Amino acid sequence: MRTTQAGTATTAPRTDPRPAAPHPVTAGVSSGVRTRSQHQRRKRIIQAAAALASRGGVEAMQMRTVAERAGVALGTLYRYFPSKMDLVVAVVSEEIDLLESSIERRPPRAATPAGRAVDVLMRATRGLMREPELADALIRSLIMADVETPFADRMAGLLLRVSGLTPESAGEARFTLASAVSAVWVQELLEMLRGRRTYEQIQQRIEIVAERLLADLAS
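Residues numbered from 1 in each chain as written. Predicted model: local features only at pLDDT ≥ 70, side-chain atom pairs only at ≥ 80, totals over all residues. Heavy atoms only, no water.

1. A word on the pattern of salt bridges
Then comes step 1: Applying the stated rule across the entire model yields nine salt bridges.
Then comes step 2: Residue E100 is joined to R154 by a salt bridge in which the shortest nitrogen-to-oxygen separation is 2.9 Å. With a gap of 54 residues between them, E100 in helix α4 (residues 84-105) and R154 in helix α7 (residues 151-161) connect regions that are remote in the sequence.
Then comes step 3: On the basis of relative accessibility, which here comes to 18%, the residue E100 falls in the buried class.
Then comes step 4: For R154, a relative accessible area of 21% gives the class partly exposed.
Then comes step 5: Each of D97, E100, R154 and R161 takes part in one network of salt bridges that share partners. (Salt bridge = Lys/Arg side-chain N within 4 Å of Asp/Glu carboxyl O. Helix = DSSP H or I, 4+ residues; strand = E, 2+ residues; numbered from the N terminus. Buried < 20%, exposed > 50% of the residue type's maximum accessible area, 1.4 Å probe, protein only.)

2. Considerations on a positive patch on the surface
Then comes step 1: A contiguous patch of positive charge, built from R105, R106, R109, R126 and R130, is present on the exposed surface.
Then comes step 2: Along the chain, the position of R105 falls in helix α4.
Then comes step 3: The class of R105 is exposed, set by a relative accessible area of 65%. (Patch = residues over 30% accessible without salt bridge, like charges linked within 9 Å, V, L, I, M, F, W, Y side chains within 5 Å. Areas by Shrake-Rupley, 256 points an atom, 1.4 Å probe, with all protein chains shown as cover. Lys, Arg positive; Asp, Glu negative; His and termini not counted. Charge placed at Lys NZ, Arg CZ, Asp CG, Glu CD.)

Take a look at the structure:
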């Protein structure tokens, strides 16, 4: 019991040993800031890895070097990306994100699904060839990877979407055909990086493959 100045006895407030719950708005803001910070840190790491690969291939993407360039601790880097291949996959995903954004802003206008697929793949070729060292490093790493990567499925899904389909609505057969077109494109891109194909030759070959394999997407 404690006594007020007026002499009125009051009951002392009970002390709750549990910490007070954070105010919902404050908690939400804190969580949002933390999420943005994590997103920005992850993006810095990916950009640092891509910059290194563009100059020295995947061999230059040493985890310690990436961490130093991104301005994060090595342990932090490993929390985001447990291995170099996880980092390679993230860089590839970032490149596909950029391609998808480009397609959304400026959709292909060809009259046929095959024509739209060629537009997408050649646009991707131009984008990758701005950084040929990076393209070579990423594609070779994905081909040699012993982990599942999103590259082929995402490219196939993108080809289906510009044809007005989704992987679900297209069905397994059409998705397989779109994947086959993507696989041919990857192989042709490698040939270009080796100096065995010109841009024009790749386009001609992709046009032939797309017209043969994607003809039924219009039906």
